[in-house]
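Chain and residue survey
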Amino acid sequence: MLKTVHALALAGAAVSLGGCATVLNGVNQEVAFDSDPGGAVVALSSGQTCTTPCAYELRRGDDLRVDFNLAGYKPEYVYVQSRMGGSTFGNIIAGGGIGAVVDGSNGAANHLAPNPVYIRLARIGCDEEAVLLDKKGEVVTTVAEHNAKVGEDVRKGLEEQGVVAKDI
């Protein structure tokens, strides 16, 4: 009888701890889009469009390609990567893996990066490269370097999501 009570208590604890990121973070994340100069048209591989500055609630588990277009500036795209967050490891330790399975399957343990997707566009006819900026407007890296770093993973994710686009 005592073993049954312990087993039921352990199972109840595992279920209650399972999916912590789902409960705390949800499966969506607000992602902001901005450009310098402002007013660029943004087109997401998920189908949404807006004009900077703007934001969308997006699924944490989905990779994206974000295209920026503004008259007089070189068109650019930025890959947004769905990255595994630290809560997955906490779920494995605290929840015996049940929470990690729940959060991993719905993407709640992930976060989308970069966020914000803030880009300084390069004028047509100049030698400058487009750069990614942080929230304060400081240069983080060039768009080309960022895309090269995460591109293979994001392209694979887009294909798995069934996103068919030219030059994803």
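To start, this report covers the structure provided alongside it. (Residues numbered from 1 in each chain as written. Predicted model: local features only at pLDDT ≥ 70, side-chain atom pairs only at ≥ 80, totals over all residues. Heavy atoms only, no water.)

1. Some points on the state of the cysteines
Applying the stated rule across the entire model yields one disulfide. Here Cys50 engages in a disulfide with Cys54; their sulfurs sit 2.0 Å apart. Residue Cys50 is classed as buried on the basis of its relative accessible area, which comes to 13%. (Disulfide = S-S within 2.5 Å. Buried < 20%, exposed > 50% of the residue type's maximum accessible area, 1.4 Å probe, protein only.)

2. What about the packing of aromatic side chains?
Following the criterion strictly, the structure yields one aromatic pair and no others. With centroids separated by 5.3 Å and ring planes inclined at 70°, the aromatic side chains of Tyr77 and Tyr79 adopt a geometry described as edge-to-face. A relative accessible area of 23% means that Tyr77 is categorised as partly exposed. The ring of Tyr77 carries the charged tip of Arg65 above its face, separated from the ring centre by 3.8 Å. (Phe/Tyr/Trp six-rings, centres within 6.5 Å; stacked < 30°, edge-to-face > 60°. Lys NZ or Arg CZ within 6 Å of the ring centre and 35° of its normal.)

3. Describing the sheet that holds strand 1 (residues 28-36)
Sheets are built from strands that pair by backbone hydrogen bonding, the pairs being arranged parallel or antiparallel. Read across the open sheet, the five strands follow the order 4-1-8-9-10; overall the sheet is mixed. Two strands bound the open sheet, and with one partner strand each, they are strand 4 (54-59) and strand 10 (139-142). In this sheet, adjacent strand axes meet at a mean angle of 30° when their direction is disregarded. Of the strand pairs in this sheet, strand 1 and strand 4 are connected by six bridges, and their pairing is antiparallel. (Pairing = 2+ DSSP bridges. Helix = DSSP H or I, 4+ residues; strand = E, 2+ residues; numbered from the N terminus. Axes fitted to C-alpha atoms, helices over the stretch in contact; angles between N-to-C directions.)

4. Re the side chain of Gln29
Along the chain, the position of Gln29 falls in strand 1. Residue class for Gln29 comes out buried when judged on its relative accessible area of 11%. A polar contact of 3.4 Å, which involves the side chain of Gln29, links it to the side chain of Arg60. Those residues within four positions of Gln29 in sequence are excluded, and the remaining contacts are Tyr56, Glu57, Leu58, Arg60, His111, Leu112 and Asn115. (Polar contact = N/O pair within 3.5 Å; in protein donor to acceptor, adjacent residues only side chain to side chain. Contact = heavy atoms within 4.5 Å.)

5. Topic: the sheet that holds strand 6 (residues 76-84)
If you walk across this open sheet you meet the five strands as 3-2-5-6-7, and the pairing is antiparallel. Lying at the two open borders of the sheet, with one neighbouring strand each, are strand 3 (49-51) and strand 7 (110-113). Ignoring strand direction, the axes of neighbouring strands in this sheet form an average angle of 20°. Of the strand pairs in this sheet, strand 2 (residues 41-44) and strand 5 (residues 64-69) are connected by four bridges, and their pairing is antiparallel. Bridging across to strand 5, Val41 finds its partner in Asn69. Relative to the sheet, helix 5 (residues 143-160) contacts strand 5 and strand 6, its axis offset from that of strand 6 by approximately 60°.

6. What about the side chain of Thr142?
Secondary-structure assignment places Thr142 in strand 10. You can call Thr142 buried: its relative accessible area is 15%. There is a polar contact of 3.0 Å between the side chain of Thr142 and the backbone nitrogen of Glu145. Not counting residues up to four positions away in its chain, the partners in contact with Thr142 are Glu129, Ala130, Val131 and Leu132.

7. Notes on helix 5
The end-to-end C-alpha distance of helix 5, which contains 18 residues, comes to 24 Å, matching closely the 26 Å that a straight helix rising 1.5 Å per residue would cover. Maximum bend of helix 5: about 60°, positioned at Gly151. Within helix 5 the residues assigned to the buried category are Val143, His146, Asn147, Val150, Gly151, Val154, Gly157 and Leu158. Of the surrounding elements, those touching the buried residues of helix 5 are strand 5, strand 6, strand 8 (117-120), strand 9 (131-133) and strand 10. With its phi angle positive at about 80°, Gly162 sits one or two positions after the end of helix 5. (Expected span 1.5 Å × (residues − 1). Bend = angle between axes of the 7 residues up to and from the residue.)

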